[in-house]
Structure formats: structure tokens, C-alpha cells
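Understanding the architecture of this molecule
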Amino acid sequence: MTDVTDGVLHTLFRSDQGGHEQVVLCQDRATGLKAVIAIHSTALGPALGGTRFYPYASEEAAVADALNLARGMSYKNAMAGLDHGGGKAVIIGDPERIKTEELLLAYGRFVASLGGRYVTACDVGTYVADMDVVARACPWTTGRSPENGGAGDSSVLTAYGVFQGMRASAQHLWGDPTLRGRKVGVAGVGKVGHYLAGHLLEDGADVVITDVRPDAVRRVTDEHPEVTVAADTDALIRTEGLDIYAPCALGGALNDRSVPVLTATVVCGAANNQLAHPGVEKDLADRGILYAPDYVVNAGGVIQVADELHGFDFDRCKAKASKIFDTTLAIFARAKDDGIPPAAAADRIAEQRMAEARTPALPGEASQL
């Protein structure tokens, strides 16, 4: 326990990846709930981010994931132009084994106890039906079903936003915003990846997929028999002639093992926290690989759930998600002007917006946002 505490305190108070406002450890022994709620920033408004339900190897790993994901949400929400800060929650355990209505209600009560500082939604391991249950105990819940006043599945617009990021990458690198004739590898074809594969095929791309779950692969191949299936992610990233790699599963996909063997010239995917550690973005740049920052291109889902708080309108959300194309191009331009990788350029833009929000305007001074 000492090691876990020391690790958390180091990240929060002494690490460059820290700076979180609040971390809440939640436990309800009656239901078996163990959860972590991390609030990174409320500078732009209430923290907004999903709930991940996952069988972590350790409590320390769960806390570390919550901290990283919450920080990423601050940057994502800032770049998406939302009036929300960043937060994230994780529930520790295998959702196939321990997820119950009583556990979700207990979790909802913990979120509600924060009084609106954190607004939750779906993430890996949680679904619209789960958010309907959580909402019974917590009014600060999005990602609910249309029958319960929500917007439904946010992965639809997440995939659409990633597709816009790919189009921007193609425009920047090849001078044409189309994926026609390009070979795109999608690692993870679950909630987001299978929608993304559909967009790519409709645009004329040659799609290669992989997933650790055979049923997820089968769902895509049944619907789109023209896709190619790679044995695993390692095989996918080594695919000859691969133009774009789309990590759409868990984080850390870009690391010291994968980057040196990656055959693609563009990385643009839906997974959060794709860069395993600081410096990976430079490794990509040194290899001539264009990286579309994950939290920029995968913001379609959070755009959708944020809109739910104000009365959901799908067309309005899709229009906002379409702007991910322009935002991604602006980041590439900023990176070129400043002589830095795109990830660093996106961070600078997001940090500027958060810093300006923290600085009160002088009397009579107009907002710069």
C-alpha cells in the first residue's frame, strides 16, 4: 500500500504528468465496487469524461490510468472548444463478472457526491444501458439512451471524428483529403473501430483489422467481407504498404517496441493516451511518421455527450465533429511553424486555452476565447 500511495503522490504533486485537482478513491464492499475518480482540471468548466470498467492488474495501475485519462480529457475538451475540464473514472474489475445494477448505483452515488464537479459518460467496459442505471443515482450522467433523455452511443461520432482527422492527415501529407487507395490498419474494432472501418471502406480505403476478440473481428467481416484480417497488432503494424495505423483499443500503443517497426506513415486512431511515454512523439517525427494527436481526433464522442447536457441535437454535434478536420490541419501547421511534433503543438494550444480561462479578465476587458 505504501508503494501505491507513494506512486500516486509522486504523480500528483511532483510529476510533469500531474497537477490534478482531486482524486477520489471509492469503495462499496456490499457490491464489490472499487473505483477511482480523477479530476484533472475544472478551469473551463465541470470535468467531463467517461467511466472505464476494466480488470486492472493492480490498484496502482488503475489509479495511474485514471490520472492519465483525466489529464487527457482536459486537453481533449479544450481542443474541442468545450466549456468543460477533464476528468475520468475507472471501476476496477472484470465487467463480465462483477458488473451489477447495485454496483452501478453505488458508483452513481459516489459521482453524485461530487456535486457536479465531475460529469460521467461511457468508456471501455461501460455502455449506454449502464449509464441509464448510473443516472438513477446521479444527475451528472451523460451517454444515456434516447429513451432516458440521452444521446445514445457516442462511439458513432467518435469514429466520425477520427475519420475527419485521417482526412486532414491525408490532406497535409498527400495533398488530398481522401483515403481512396490508401491501406489503413485498424487495431481494435469494438465500439469505435467497427464504425471507423465502415467510413474508411465507404471512402475507398483498403482496410486491415485486428482485435483480441474473435467476435469483434467476425462482426466486421460479416458486414464487410472485403476487409483483411491480421493475426494480431504486431502483425498489423508490420503490414507491408500500410499507409495509416489507427490504434482503437487501449492506450500505450505507440511505444519503444512498436514505433521502430511501424510501416505506416500516419498514425491516427481513437485510443486514448497512445504515446506510452514522453519522447515517443519525437521518435515518430524522427522516422517521418505523421502523428495526429489522439485527444484531438477522438473528440467526437465527448462533443456528443457534452451536447446532451443542453438538449441533444445530432446534426449540431456532427457539424461540430466535422471541425476536427480543420483543427487537425491547424495543429499540423502550428507544428511546422514552431518546429515541434504535432502532439506538442496540440498541447500548447490546449494549455493556452486553459491558462486564459484561469486568468480573470480585467473590468471592461473582452474575453480572448
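See the structure above.
To start, this report covers the structure provided alongside it. A quick note: this is a predicted structure, and the numbers were derived from the prediction, not measured. (Residues numbered from 1 in each chain as written. Predicted model: local features only at pLDDT ≥ 70, side-chain atom pairs only at ≥ 80, totals over all residues. Heavy atoms only, no water.)

1. Here's the deal with the packing of helix α12 (residues 300-308) against helix α13 (residues 314-322)
For the pair α12 and α13, interaxial distance at closest approach is 9 Å and the crossing angle is 145°. For α12 against α13, the interelement crossing comes out right-handed. Of the residues in α13, those in contact with G300, I303, Q304 and D307 of α12 are R316, C317, K320 and A321. A breakdown of the residues in the contact of α12 with α13 according to their chemical character gives three nonpolar, two polar and three charged. (Axes fitted to C-alpha atoms, helices over the stretch in contact; angles between N-to-C directions. Helix = DSSP H or I, 4+ residues; strand = E, 2+ residues; numbered from the N terminus. Left-handed = near helix turned anticlockwise from the far one by under 90°. Contact = heavy atoms within 4.5 Å. Nonpolar A, V, L, I, M, F, W, Y, C, P; charged D, E, K, R; others polar.)

2. Things to note about the pattern of salt bridges
Applying the stated criterion to the full structure yields 17 salt bridges. In this structure, D65 engages R52 in a salt bridge whose closest nitrogen and oxygen atoms are separated by 3.4 Å. Pair noted here: D65 is in helix α2 (residues 59-79) and R52 is in strand β4 (residues 51-54), with a separation of 13 residues, a long-range link. Of the two residues, D65 and R52, neither departs from the other in class, the shared state being buried. With a shortest N-O distance of 3.2 Å, D338 and R348 are connected by a salt bridge. One end of the pair, D338, is in helix α14 (residues 324-338); the other, R348, is in helix α15 (residues 342-358), and 10 residues separate them in sequence. Within the structure, one salt-bridge network assembled from shared partners comprises R52, D65, K88 and D123. (Salt bridge = Lys/Arg side-chain N within 4 Å of Asp/Glu carboxyl O. Buried < 20%, exposed > 50% of the residue type's maximum accessible area, 1.4 Å probe, protein only.)

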